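Working through the structure, step by step
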Amino acid sequence: MNAKEQGRRRFLKSGAALAGLAVGGPPSASGQPMSADVSRIPPYGVRSRFETSHRGSGRLHSGQSPLQDSVGIITPNPLHYVVSHGAWSPDIDPQAHRLLVDGMVDRPLVFTMDELKRLPSVTRTHFLMCAGSSYVTRGPRRNARTVQETHGWTSCAEWTGVPLSIVLDEAGVQDGASWVVAEDVTKKWTVSIPLAKAMDDTVLVYGQNGEAIRPEQGYPLRMLAPGFEGTRSTKWLRRIKVVDEAYLTRWEITVYTNLMPDGKARWFQFEFEPNSVITFPSGEQQLPGPGFFEITGLAWSGGGAVSRVEVSVDGGRTWADAQIQEPVHRMAHTRFRFPWQWQGGEATLQSRCTDERGDIQPSLAELNQIWGVDNEYWTTSTNRVQHLNAIQPWKVDRDGSVHNAIWES
Ligand SMILES: Nc1nc2c(c(=O)[nH]1)N[C@H]1C(S)=C(S)[C@@H](COP(=O)(O)O)O[C@H]1N2
Ligand SMILES: [Mo]
């Protein structure tokens with residue numbers, strides 16, 4: 001019997017209860033239309049009223065993606081995570097919007113949105129993540145329970161826009177330039193990226209999953225520096241200034257740095273390391289009883305494509321390869337699947353990502369060793385701790401309840 005048949009048989013066996021239900025026919029559907037007006041399709045579609053997944057908290061400046069409900073690799077626009085410091089999304093008229101390109105260039109340029117859209121475009125699938133997206137910092141996130149709380153500050157979309165290199169070539173970058181500074185319309189957000197990244201794969205984005213980017217994501221124009229910490233991707237972009245040094249702006253030298261145990265800070269860490277998390281079963285979910293379950297989750301890396309995902313169902317004692325679902329894009333969420341027969345005992349589930357560079361996601365214990373710290377460090381640090389990519393364990397108890405077990409690892 002091959003693996004596929006085995007999986008099938010197991011699935012049917014445990015599915016017996018479900019099949020039994022079906023014998024009596026489906027429960028009668030009321031068949032009521034969503035609204036009283038049956039003559040009209042909504043001009044802009046809305047989801048079924050039975051779907052309630054949302055970005056959580058409803059806080060003014062941030063919201064986390066409900067990864068526990070995610071399928072595939074694309075985050076629908078209304079569920080993309082949001083981190084907006086200091087300002088709610090400015091209300092920008094695209095007709096009036098301008099992008100200024102100046103600094104160390106031969107020809108300073110001003111673009112309207114229409115002019116930008118006439119230039120050659122690219123469409124690419126990439127994740128975005130906040131470097132502060134970590135379940136092991138101080139404050140409320142120390143006690144994160146769901147995967148939305150632990151990893152919800154990442155999302156993945158199909159972005160459309162103009163390569164920044166095209167715009168910079170039009171302006172003519174001068175010798176000696178080495179950085180670009182990207183500023184937003186509020187002038188509250190300014191960050192630097194190396195010129196090499198700007199010329200490589202950075203995109204000036206106006207499209208998100210087949211429509212205009214959302215106000216929360218930077219409408220009408222944002223930068224996207226793939227694989228880099230989210231801070232670098234300025235939203236509501238109004239100015240690109242070509243310069244010869246990093247500008248050490250407020251956001252890159254304060255919040256988005258790492259305070260190390262010796263009191264020094266790490267800064268200008270751009271690229272994310274390999275990361276992954278199981279989205280089902282995950283924290284606070286409830287398994288109905290022993291039987292077959294498909295474990296599934298997301299893996300990603302700032303270093304390129306995900307080349308391998310392993311899953312352990314015994315707390316990291318043994319690992320086996322998960323199936324990686326196509327398509328696999330570079331610097332994008334990658335869906336993985338792993339068939340699992342739960343016998344009803346305690347089980348600790350975790351995933352581990354390897355990227356195309358060969359870098360492997362570490363456990364928290366391994367990270368502690370690398371950093372020379374213990375678990376205590378992550379929750380008592382007086383600064384926010386960034387760029388953590390520790391393996392995330394979820395513990396399944398005998399009653400089928402699932403819990404965050406990061407502190408037990
Ligand atoms: N103008 C502006 N750009 C910004 C920010 C901001 O507050 N203002 N937040 C940054 C941070 S910290 C992150 S993680 C990402 C979040 O992008 P998103 O809200 O589209 O998910 O945008 C970055 N770009
Ligand atoms: Mo961020």
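Treat the numbers as computed from the prediction; the structure is a model and nothing was measured.

1. Description of the overall build of the chain
- Each helix and strand in the chain was counted, giving 9 helices and 23 strands.
- Here the chain holds 409 residues, and the buried ones make up 52% of them.
- Expressed as a percentage of contacts within the chain between residues at least 6 apart in sequence, the contacts between residues at least 24 apart total 72%.
- In the form shown here, the chain has an accessible surface area of approximately 19,500 Å², with 52% of it arising from carbon and sulfur atoms.

2. A word on the sheet that holds strand 22 (residues 394-396)
- Strand order in the open sheet formed by 5 strands is 18-17-21-22-23, with antiparallel pairing between adjacent strands. Of all strands in the sheet, those with a lone pairing partner are strand 18 (320-321) and strand 23 (402-404), marking the two edges.
- Here strand 17 (residues 306-312) runs beside strand 21 (residues 347-355); their pairing, made up of 6 bridges, is antiparallel. Opposite V306, over in strand 21, you have D355 as the bridge partner.

3. Some points on the site of ligand 1
- Around ligand 1 there are 19 residues in total, and Y81, H85, D184, R222 and K235 lie nearest to it.
- Alone, ligand 1 offers 530 Å² of accessible surface; in the complex the protein occludes 100% of this.
- Split into classes, the residues belonging to the shell around ligand 1 amount to 7 nonpolar, 8 polar and 4 charged.

4. Let's talk about the nonpolar core
- Counting residues in each nonpolar core, the largest one holds 46 residues, and the members touching the most others are F127, W159, I295, F336, W340, L349 and V396.
- With 5 residues, the top contributor of residues to this core is strand 16 (residues 291-300).
- Domain assignment of the residues forming this core places at least three in each of domain 1 (62-260) and domain 2 (275-408).
- Residues contacting I295, with those up to four places away along its chain left out, are I278, F280, P281, V311, V313, F336, R337, F338, W340 and L349.
- If you look at the next biggest cluster of nonpolar residues, it comprises 32 residues, including L116, W179, Y206 and F228.

5. Some remarks on the sheet that holds strand 20 (residues 334-342)
- Sheet architecture is open: 4 strands sit in the order 15-16-20-19, paired in antiparallel fashion. Single-partner strands in this sheet number two, and they are strand 15 (275-280) and strand 19 (323-324).

6. So, the pattern of salt bridges
- Inspection of every chain in the model, using the stated rule, returns 17 salt bridges.
- One salt bridge in this structure joins E229 and R232, with 2.9 Å as the shortest N-O distance. When sorted by exposure, E229 lands in the same class as R232, which is buried.
- The residue R357 makes a salt bridge to E271 at a minimum N-O spacing of 2.6 Å. Placement of the pair is R357 in the loop between strand 21 and helix 8 (364-371) and E271 in the loop between strand 14 (265-266) and strand 15, with a sequence separation of 86 residues.
- In this structure E271 comes out as partly exposed when scored by relative accessible area, which is 36%.
- Here the salt bridges do not stand alone but share partners, grouping E271, D355, R357 and D359 into one network.

7. Remarks on the pairing of strand 8 (residues 190-194)
- Within strand 8, 5 of the 5 residues are buried, which leaves the element mostly enclosed by the surrounding structure.
- Burial of the side chains of strand 8 extends over both faces: T190, S192 and P194 are buried on one face and V191 and I193 on the other.
- Alignment of strand 7 (residues 179-184) against strand 8, held across 5 bridges, turns out to be antiparallel. Bridge pairing in strand 8 links V180 to I193.

8. Here we look at the environment of S307
- Inspection of the secondary structure assignment puts S307 in strand 17.
- Between the C-alpha atoms of S307 and E356, which are 49 residues apart in sequence, the distance is 5.3 Å.
- Engagement of the side chain of S307 in a polar contact is seen with the backbone oxygen of D355, the distance being 3.1 Å.

9. Some points on the side chain of D102
- Mapped onto the elements, D102 comes out in strand 3 (residues 98-103).
- Residue class for D102 comes out buried when judged on its relative accessible area of 14%.

10. Some words on the packing of aromatic side chains
- Counting across every chain of the model gives 7 aromatic pairs.
- Pairing F228 with F270 gives two aromatic rings, centres 4.8 Å apart and planes at 10 degrees, and the pair type is stacked. Of the two residues, F228 sits in the loop between strand 11 (222-224) and strand 12 (237-243) while F270 sits in the loop between strand 14 and strand 15, which places them 42 residues apart along the sequence. Across the pair, F270 and F228 agree in class, each one buried.

11. Regarding helix 8
- Among all positions of helix 8, only L364, L367, N368 and W371 are buried. For helix 8, the buried positions fall inside an angular range of 105 degrees around the axis, keeping them on one side. Exposed positions of helix 8 whose direction lies more than 90 degrees from the buried face are Q369 and I370.

12. Quick look at the pairing of strand 5 (residues 122-129)
- Of all 8 residues that make up strand 5, 6 are buried, and the element is covered over most of its length.
- Where strand 5 and strand 6 (residues 154-163) come together, 8 bridges link them in antiparallel fashion. If you follow M129 over to strand 6, its bridge partner there is T154.

13. Quick word on unusual backbone geometry
- With an omega of 5 degrees, the peptide bond running from Y219 to P220 counts as cis.
- Topologically, P220 is positioned in the loop between strand 10 (211-212) and strand 11.
- Here the phi dihedral of K187 falls at roughly 60 degrees; this positive angle occurs in a residue that is not glycine.
- Looking at where K187 falls in the secondary structure, it is placed in the loop between strand 7 and strand 8.
- Under the relative-accessibility criterion, K187 is labelled exposed at 56%.

Cut-offs and rules
Residues numbered from 1 in each chain as written. Chains lettered and ligands numbered in written order. Predicted model: local features only at pLDDT ≥ 70, side-chain atom pairs only at ≥ 80, totals over all residues. Heavy atoms only, no water. Helix = DSSP H or I, 4+ residues; strand = E, 2+ residues; numbered from the N terminus. Buried < 20%, exposed > 50% of the residue type's maximum accessible area, 1.4 Å probe, protein only. Contact = heavy atoms within 4.5 Å. Areas by Shrake-Rupley, 256 points an atom, 1.4 Å probe, with all protein chains shown as cover. Pairing = 2+ DSSP bridges. Near = heavy atom within 4 Å. Nonpolar A, V, L, I, M, F, W, Y, C, P; charged D, E, K, R; others polar. Core = buried A, V, L, I, M, F, W, Y, C linked by side-chain atoms within 4.5 Å. Domains from an automatic or database assignment. Salt bridge = Lys/Arg side-chain N within 4 Å of Asp/Glu carboxyl O. Polar contact = N/O pair within 3.5 Å; in protein donor to acceptor, adjacent residues only side chain to side chain. Phe/Tyr/Trp six-rings, centres within 6.5 Å; stacked < 30°, edge-to-face > 60°. Arc of directions from axis to C-beta.

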